[in-house]
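Descriptive analysis of the structure
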Amino acid sequence: MTAHLDTFARDNLPPRAQWPDFLFELPELKYPERMNCVVELLDRWVAARHGNRPCLISPAESWTYAQLAERVNRIANVLTRALGMVPGHRVLLRGPNSPMMVAAYLAVIKAGGVVVATMPLLRAKEIAYPIAKAKIHLALCDHRLAEEME
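Residues numbered from 1 in each chain as written. Predicted model: local features only at pLDDT ≥ 70, side-chain atom pairs only at ≥ 80, totals over all residues. Heavy atoms only, no water.

Another aspect to go through is the confidence of the model for the protein. Mean pLDDT over the protein works out to 94, with 99% of the residues at or above the 70 mark. No element of the protein has a lower mean pLDDT than helix α6 (residues 146-149), which averages 88, and none a higher one than helix α3 (residues 65-82), which averages 98. (pLDDT = per-residue confidence, 0-100. Helix = DSSP H or I, 4+ residues; strand = E, 2+ residues; numbered from the N terminus.)

Shown next, in the form of structure tokens:
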């Protein structure tokens, strides 16, 4: 079951006859009907009082679970409240590997979106294909890559 209001992703799955058999018979594989992986991967750590532990470490900076959660929540709020994103919308992410790109990725998922990540080296012509194919609703782009994006 999905909470997606925009059903593009579900509508473009292969026919059911081509799906693999999903076997979740082990007790540890009994998942709730709906689950947001950001809650499991990030929010639970903060709720369990581990927010001050290191979460992301890059050559330029390090973020704790609490710092990452704060940024993820801010971005998710902007996506949904200011930009009108609804569950199921595709959001293009364009930027270098960095803590902020991780935060943007997790924010899209937390808000119910579908992430379409691109490599920073793609040129305008190459970016156009995933934008058209995935019917991108929004794009988050690092300012250093804005020229090709425009």
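This paragraph deals with the environment of Val46. If you trace the backbone, Val46 turns up in helix α2 (residues 37-47). Among all residues touching Val46, those that are not within four sequence positions of it are Gly51, Tyr65, Ala66 and Ala69. (Contact = heavy atoms within 4.5 Å.)

What follows covers the pairing of strand β1 (residues 54-57). Looking along a regular strand, one sees the side chains alternate between the two faces of the sheet. Note: β1 against strand β2 (residues 62-64), three bridges, orientation antiparallel. Along β2, the bridge assignment pairs Pro54 with Thr64. Linking β1 back to β2 in an antiparallel pair, the connection comprises four residues. (Pairing = 2+ DSSP bridges.)

Of all hydrophobic cores here, the largest spans 23 residues; its most connected members are Leu42, Leu68, Val72, Leu79 and Leu93. No other element matches α3, which puts seven residues into this core. Apart from residues lying up to four places away in sequence, Leu68 is in contact with Leu42, Cys55, Leu56, Trp63, Ala103 and Leu106. Counting residues in each nonpolar core, the second largest holds six residues, with Leu92, Leu122, Ile127 and Ile136 among its members. (Core = buried A, V, L, I, M, F, W, Y, C linked by side-chain atoms within 4.5 Å. Buried < 20%, exposed > 50% of the residue type's maximum accessible area, 1.4 Å probe, protein only.)

Now for the packing of aromatic side chains. All chains considered together, the criterion is met by four aromatic pairs. Measuring from centroid to centroid gives 6.3 Å for Trp19 and Phe22, while their planes differ by 80°, and the two rings are edge-to-face. Judged by its relative accessible area of 27%, Trp19 falls in the partly exposed class. Centre to centre, the rings of Phe22 and Phe24 are 6.4 Å apart; their planes meet at 0°, and the pair counts as stacked. Assessed through its relative accessible area of 54%, Phe22 is described here as exposed. Within the aromatic cluster, the residues linked to one another by ring pairs are Trp19, Phe22, Phe24 and Tyr31. The ring of Trp63 carries Arg71 above its face, with NZ or CZ at 4.1 Å from the centroid. (Phe/Tyr/Trp six-rings, centres within 6.5 Å; stacked < 30°, edge-to-face > 60°. Lys NZ or Arg CZ within 6 Å of the ring centre and 35° of its normal.)

Moving on, we come to the side chain of Asp142. Examined against the element boundaries, Asp142 turns out to sit in the loop between β5 (138-141) and α6. Classification of Asp142 as buried rests on a relative accessible area of 17%. Those residues within four positions of Asp142 in sequence are excluded, and the remaining contacts are Arg94, Gly95 and Pro96.

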